[in-house]
Amino acid sequence: MTNLYELTGKSEGLAQLENKYNQLQAILLEMKSVVVAFSGGVDSTFLLKVAVDTLGADHVLAVTADSETYPSSELEEAKELAAQIGVNHQVIETSELAIPGYAENNKNRCYFCKSSLFDHLIPVLERMSFQNIVYGVIADDMNEFRPGMQAAKERGIRGPLLEAELYKQEIRELSKERNLPTWDKPSFACLSSRIAYGEHITNEKLKKVERAEAYLKSLGIRQVRVRTHQEIARIEVEPQDMRIVLEHHSDIVEELQDYGYKYVTMDLLGYHSGSMNKVLPM
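Computed from a predicted structure; not experimentally measured.

Novice: How should the nonpolar core be read in this particular structure?
Specialist: Across soluble globular proteins, nonpolar side chains have a tendency to be buried as a group. One finds Val-34, Phe-46, Leu-48, Val-60 and Leu-166 to be the most contacted residues of the largest nonpolar core, which totals 34 residues. Sorting the residues of this core by element identifies helix 2 (10-31), strand 1 (34-37), helix 3 (42-55), strand 2 (60-66), helix 4 (72-85) and helix 8 (168-177) as the ones contributing at least two each. With 8 residues, helix 3 is the single largest residue contributor to this core. With residues up to four places along the chain from it excluded, the contact list for Val-60 reads Val-34, Val-36, Leu-48, Ala-51, Val-52, Leu-55, Val-87 and Phe-130.

Novice: Would you take a moment to explain the environment of Leu-125 for this structure?
Specialist: Mapped onto the elements of the fold, Leu-125 is located in helix 5 (residues 109-128). In this structure Leu-125 comes out as buried when scored by relative accessible area, which is 13%. Each C-alpha atom, one on Leu-125 and one on Leu-61, is 9.0 Å from the other, the two residues being 64 residues apart in sequence. Apart from the residues lying within four places of it in its own chain, the contact partners of Leu-125 are Val-35, Phe-130, Gln-131, Asn-132 and Ile-133.

Novice: How do you make sense of the pattern of salt bridges when you look at a structure like this?
Specialist: If the charged atoms of two oppositely charged side chains come close together, the side chains can form a pair. Under the defined criterion, the tally for this structure stands at 20 salt bridges. The partner of Asp-43 in a salt bridge is Lys-168, with the nearest N and O atoms 2.8 Å apart. Within this pair, whereas Asp-43 is found in helix 3, its partner Lys-168 is found in helix 8, the two being separated by 125 residues in sequence. The salt bridge partner of Glu-231 is Lys-262, with a shortest N-O separation of 3.3 Å.

Novice: Explain helix 4 here, please?
Specialist: Spacing of three or four residues puts side chains on the same side of an α-helix, whose turn is 3.6 residues. Counted at 1.5 Å a residue, the expected span for helix 4 with its 14 residues is 20 Å, and the 20 Å between its end C-alpha atoms agrees. When helix 4 is considered as a whole, its buried residues turn out to be Glu-74, Leu-75, Ala-78, Leu-81, Ala-82 and Ile-85. In a view along the axis of helix 4, the buried residues occupy a sector of 125 degrees, so they form one face of it. Facing away from the buried side of helix 4 by more than 90 degrees, the exposed set consists of Glu-80, Ala-83 and Gln-84.

Novice: Would you take a moment to explain the sheet that holds strand 5 (residues 224-229) for this structure?
Specialist: Backbone hydrogen bonds are what pair the strands of a sheet, in a parallel or an antiparallel way. Ordered in space as 5-6-7, the 3 strands form an open sheet in which the pairing is mixed. The strands lining the two open edges of the sheet, one partner per strand, are strand 5 and strand 7 (263-266). Adjacent strand axes in the sheet meet at a mean angle of 25 degrees, parallel and antiparallel pairs treated alike. Of the strands in this sheet, strand 5 and strand 6 (232-237) are in contact with helix 9 (residues 203-218), which crosses strand 5 at around 145 degrees. The strands touched by helix 11 (residues 249-259) within the sheet are strand 5, strand 6 and strand 7, with strand 7 carrying the most contacts at an inclination of about 135 degrees.

Novice: Quick question: what am I supposed to make of the packing of aromatic side chains here?
Specialist: The geometry of an aromatic ring pair comes down to the distance between the two centres and the angle between the two planes. A complete count under the given rule lists 3 aromatic pairs for this structure. Relative to Phe-112, the ring of Tyr-111 lies with its centre 6.0 Å away and its plane at 70 degrees, an arrangement referred to as edge-to-face. The class for Tyr-111 is partly exposed, based on a relative accessible area of 23%. A cation over a ring is seen here: Lys-176 above Trp-183, with NZ or CZ 4.5 Å from the ring centre. Sitting over the ring of Tyr-21, Arg-178 keeps its end group 4.0 Å from the ring centre.

Novice: Just to check I follow, could you spell out the side chain of Asp-267 for this structure?
Specialist: Its location among the elements puts Asp-267 in the segment after strand 7. Side chain to side chain, Asp-267 and Arg-234 meet in a polar contact 2.8 Å long. Ignoring sequence-local partners within four residues, the contact set of Asp-267 consists of Arg-234, Ile-235, Glu-236 and Met-242.

Novice: Looking at this structure, I do not really get the environment of Leu-161. What am I missing?
Specialist: Take Leu-161: it is sitting in helix 7 (residues 160-163). Residues Leu-161 and Cys-190, spaced 29 residues apart in sequence, show a C-alpha to C-alpha distance of 20 Å.

Novice: Explanation requested: the side chain of Arg-225 in the structure shown.
Specialist: Relative to the assigned elements, Arg-225 resides in strand 5. Within the buried core, Arg-225 has no salt-bridge partner, and the shortest N-O distance to an opposite charge, that of Glu-213, equals 5.2 Å. There is a polar contact of 3.0 Å between the side chain of Arg-225 and the backbone oxygen of Ser-187.

Calculation criteria
Residues numbered from 1 in each chain as written. Predicted model: local features only at pLDDT ≥ 70, side-chain atom pairs only at ≥ 80, totals over all residues. Heavy atoms only, no water. Core = buried A, V, L, I, M, F, W, Y, C linked by side-chain atoms within 4.5 Å. Buried < 20%, exposed > 50% of the residue type's maximum accessible area, 1.4 Å probe, protein only. Helix = DSSP H or I, 4+ residues; strand = E, 2+ residues; numbered from the N terminus. Contact = heavy atoms within 4.5 Å. Salt bridge = Lys/Arg side-chain N within 4 Å of Asp/Glu carboxyl O. Expected span 1.5 Å × (residues − 1). Arc of directions from axis to C-beta. Pairing = 2+ DSSP bridges. Axes fitted to C-alpha atoms, helices over the stretch in contact; angles between N-to-C directions. Phe/Tyr/Trp six-rings, centres within 6.5 Å; stacked < 30°, edge-to-face > 60°. Lys NZ or Arg CZ within 6 Å of the ring centre and 35° of its normal. Polar contact = N/O pair within 3.5 Å; in protein donor to acceptor, adjacent residues only side chain to side chain. Lys, Arg positive; Asp, Glu negative; His and termini not counted.

In structure tokens:
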């Protein structure tokens, strides 16, 4: 997305951003109370913070689904963020691999995942007598293949950030203003998004991806994906971090082969959200 300030000038850009923030607050006020599907990422953390600031902590509940596709490091960070924001936080156990059709990994995988997540959240909503479930879908997602949005629509789950037409860069700017540590956090998606469509998803493969990405991050790489194509690891990093991969290529190959990959490659196009979707028919 082009920076808002570049399009309109700084003062006008700030005014438009403030208008979007006010619109987000108005949307939340109309909802009265919300259960937030909370992953600890940039978008859901900002949504949770604004919900608490707008509605008060007693009218907001953060719920995180702990499953095979969600790294343990992300769960611990989500717990810390919820505590920092000062909101009641529940962790529920889910299993995407137990969802019929999910492990087959067709193009509608995310539909199955979001359907299961929301079906777990609805009883929480009813038990707590809250009025709405919200999740962190944003305006950028309208330009991506997001079958999970259909699952939300079918269940009446709302996306206040999308409704306020907020984009990722704007959310980062607003998060920074509010001293949220996630303002510059690398984008994250579930571990299943690393496995090529049509390739069966197993817990072993998910753990392999998690270990591989954790190792690469330990080398100083912030944004990384280890895309898995059977026995091939296709490493995606931002262009400025490619030199780190090259400097440590021997160690990286040895480490990832130890995890079970036979071939270790680097994608010269670099990190790109949703890159697995390129193989899908238009």
